[in-house]
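Examination of the molecular architecture
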Amino acid sequence: MNILLLGANGQVGHELREPLARLGRVACASRTGTLDDAGSCTSVDLADSEALLRVLETNKPDVIVNAAAYTAVDRAEDEPDLADRINHLAVAEIAGWAARNEARVVHYSTDYVFDGSDPKPRQEDDPTGPLGAYGRSKLAGEAALRASGARHLILRTAWVYAARGQNFLRTMLRLGAEREELRIVDDQIGSPTPARWIAGATVHILQRLERMKEQERALALGTYHLTASQRCSWFEFAAAIFEAARQRGLLQRIPRLLPIASSDYPTRATRPAFSVLDNARLALVFGLQLPPWREGLREVIGELADAHPIGETR
């Protein structure tokens, strides 16, 4: 395959680089034109329509893996046009190019397309209802990709984290080293999912698609939910993070944790209260079910412990 990886410096994009290389030639692209390991790559800003189309024409990929996104959930309330440009209009342009050139698109979406009001795992065809600008922009991007006629996979995931980048786990480790007490929201429920698991699942899916006959492959394309198994609250996730970090020597002490309601921690954008996604279709079509979230946490904490001394998580 000739693969174009957009967002190669993001949490998922970083983890995709190595496994995607097993499938063929990978051209990495990031907004800065550099990679976090000091390497260089193609520069493309999804806010720049002409630059995006130029990169597509230059690389002429068979598969476009779009791991780039505007993910600043709160800031999106003040920058809705920019969020829409990157998460919607740029996706429409990628999809249009792919449809014209018979390329496939792998695109990542989010639990934020749902309002989180129903306390049961959301299936792919359940009614959507985003609560904020970020969720609306991601939902519009999904719709544009489906309407384009391009062959595509939309992989919705949630509560993504990794040993690098900006995420809840790394924020907790930093704050835990600085403070004696932390107040953590306990009424939002989801499934913490390591970026490396998302990347591995993506490559597994692409490999399975390649082995399918054309008619079976056409039926297998579409929207899937892709998260770790089981669920927890942010408070429960934080408690597990600190215990795992202490066991691996990343922290010398665990801060006191206080469970609070979302109303006690107001944010610019409203979060879904229940973000658990139903992964049954992924298991049925691709034979893929991610392990429980605690296993992923042990892996990521282990990665950090192997790379950093006590108290250092950067």
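The following refers to the structure shown. (Residues numbered from 1 in each chain as written. Predicted model: local features only at pLDDT ≥ 70, side-chain atom pairs only at ≥ 80, totals over all residues. Heavy atoms only, no water.)

Focus on the overall build of the protein
As a reminder, the rule being used: The way it works is that DSSP assigns letters per residue, a run of H or I at least four long becomes a helix, a run of E at least two long becomes a strand, and they are numbered from the N terminus. We take the radius of gyration over the C-alpha atoms and set the globule estimate at 2.2 Å times the residue count to the 0.38 power. When a residue's accessible area, from a 1.4 Å probe over protein chains only, is under 20% of the maximum for its type it is buried; when over 50% it is exposed; and in between it is partly exposed. Every accessible area reported is derived by Shrake-Rupley at a probe size of 1.4 Å, with residue values counting cover from the shown protein chains alone.
Tallying secondary structure elements over the protein gives 10 helices and 13 strands in all. Taken over C-alpha atoms, the radius of gyration comes to 19 Å for the protein, in line with the 20 Å a tight globule of 314 residues would show. Expressed as lengths along the three principal axes of its C-alpha atoms, the size of the protein is roughly 55 × 40 × 40 Å. Among the 314 residues that make up the protein, the fraction classed as buried is 54%. Carbon and sulfur atoms form 47% of the exposed surface of the protein, whose accessible area is close to 14,100 Å².

Notes on the packing of aromatic side chains
Rules: Each Phe, Tyr or Trp ring (for Trp, its six-membered ring) is paired with any other whose centre lies within 6.5 Å, and the angle between the two planes then decides the class: stacked below 30 degrees, edge-to-face above 60, tilted in between. Look at NZ for Lys and CZ for Arg. If either is within 6 Å of the ring centre and within 35 degrees of the ring normal, a charge sits over the ring.
The tally for this structure, following the rule as stated, stands at eight aromatic pairs. When the ring of Tyr-112 is compared with that of Tyr-134, the centres are 5.3 Å apart and the planes differ by 75°; the resulting orientation is edge-to-face. Of this pair, Tyr-112 sits in the loop between strand E5 (104-110) and helix H4 (133-148) while Tyr-134 sits in helix H4, and the two are 22 residues apart along the sequence. Overall, Tyr-112 belongs to the buried group, its relative accessible area being 17%. Residue classification places Tyr-134 among the buried residues on the basis of a relative accessible area of 9%. Linked through ring pairs, Trp-159, Tyr-161, Phe-168, Trp-234, Phe-237 and Trp-293 together constitute an aromatic cluster. The ring of Tyr-224 carries the charged tip of Arg-281 above its face, separated from the ring centre by 4.1 Å.

Some remarks on helix H8 (residues 234-247)
For clarity, the threshold we go by: Take the residue count of a helix, subtract one, and multiply by 1.5 Å to get its expected span. By definition, residues are in contact when any of their heavy atoms lie within 4.5 Å.
For H8, spanning 14 residues, the distance from its first C-alpha to its last is 20 Å, which sits close to the expected 20 Å at 1.5 Å a residue. Tucked inside the fold, the buried residues of H8 contact strand E7 (160-161), helix H5 (168-178), strand E8 (181-185), strand E12 (232-233), strand E13 (256-260) and helix H10 (293-307). Directly beyond the C-terminal end of H8, a positive phi value near 80° is found at Gly-249.

A few points about the pattern of salt bridges
What counts is decided by this rule: We count a salt bridge whenever a side-chain nitrogen from Lys or Arg sits within 4 Å of a carboxyl oxygen from Asp or Glu.
Per the stated rule, a full pass over the model turns up 20 salt bridges. When the shortest N-O distance is used, the salt bridge between Arg-17 and Asp-36 registers 2.8 Å. Taken together, the positions of Arg-17 in helix H1 (residues 11-20) and Asp-36 in the loop between strand E2 (25-30) and strand E3 (42-43) put the pair 19 residues apart, joining distant regions of the chain. It is possible to trace a salt-bridge network through shared partners that takes in Glu-15, Arg-196 and Glu-303.

Notes on the side chain of Ser-109
How we decide: Definition of a polar contact: a pair of N or O atoms within 3.5 Å, with one able to donate and the other able to accept a hydrogen when the atoms are protein atoms, and with sequence-neighbouring residues admitted only if both atoms are side-chain atoms.
Among the structural elements, Ser-109 can be located in strand E5. Within the local environment of Ser-109, its side chain forms a polar contact with the side chain of Glu-142, the two groups lying 2.6 Å apart. Leave out the neighbours within four places in its chain, and Ser-109 touches Lys-138, Glu-142, Ile-154, Leu-155, Arg-156 and Thr-157.

Notes on the environment of Arg-208
Summarising the element assignment, Arg-208 is placed in helix H6 (residues 195-211). Separated by 204 residues in sequence, Arg-208 and Leu-4 have C-alpha atoms that sit 19 Å apart. Excluding residues that lie within four positions of it along the chain, Arg-208 makes contacts with Val-285, Phe-286 and Gly-287. Engagement of the side chain of Arg-208 in a polar contact is seen with the backbone oxygen of Phe-286, the distance being 2.7 Å.

A few points about the packing of H8 against H10
We apply this condition: Comment: axis = line fitted to C-alpha atoms, over the contacting stretch for helices; angle = value between 0 and 180 degrees taken between N-to-C directions. Roughly parallel covers angles under 35 degrees, roughly antiparallel covers those over 145, roughly perpendicular covers 65 to 115, and oblique covers all other angles. Note on convention: the crossing is left-handed when the near helix lies turned anticlockwise from the far helix by less than a right angle, right-handed when the turn is clockwise. When residues are sorted by character, Ala, Val, Leu, Ile, Met, Phe, Trp, Tyr, Cys and Pro go into the nonpolar class, Asp, Glu, Lys and Arg into the charged class, and all the rest, Gly among them, into the polar class.
Viewed as axis vectors pointing N to C, H8 and H10 meet at an angle of 40°, and their least axial separation amounts to 10 Å. Looking at the two axes, H8 sits oblique to H10. Regarding H8 and H10, the two cross each other, and that crossing is right-handed. Along the contact surface, H8 presents Glu-236, Phe-237, Ala-240, Ile-241, Ala-244 and Ala-245, while H10 presents Trp-293, Arg-294, Leu-297 and Ile-301. Considered class by class, the residues forming the contact of H8 with H10 number eight nonpolar, no polar and two charged.

Quick notes on the state of the cysteines
Keep this limit in mind: Any two cysteine sulfur atoms lying within 2.5 Å of each other are counted as a disulfide.
Going through the model one piece at a time under the given rule, you end up with zero disulfides. Take Cys-41: it sits in no disulfide, and the sulfur closest to it among the cysteines is that of Cys-28, at 6.3 Å.

Some details on H10
Taking 1.5 Å per residue, 15 residues should reach 21 Å; H10 reaches 22 Å between its end C-alpha atoms and fits that length. Here the buried face of H10 lies against E7, H5, strand E10 (193-194), H6, E12 and H8.

What about the sheet that holds strand E11 (residues 222-225)?
Put simply, the test is: Strands are labelled as partners when DSSP assigns at least two bridges between them.
Within the open sheet, the seven strands sit side by side as E3-E2-E1-E4-E5-E6-E11. Their pairing is parallel. Every interior strand has two partners, whereas the edge strands, E3 and E11, have only one. Taken together, the four bridges between strand E1 (residues 2-6) and strand E4 (residues 63-66) define a ladder with parallel strand orientation. Residue pairing in the sheet places Leu-6 in a bridge with Asn-66 of E4. Against the sheet, H4 makes contact with E5, strand E6 (151-157) and E11, and its axis sits at roughly 155° relative to E5, the strand it touches most.

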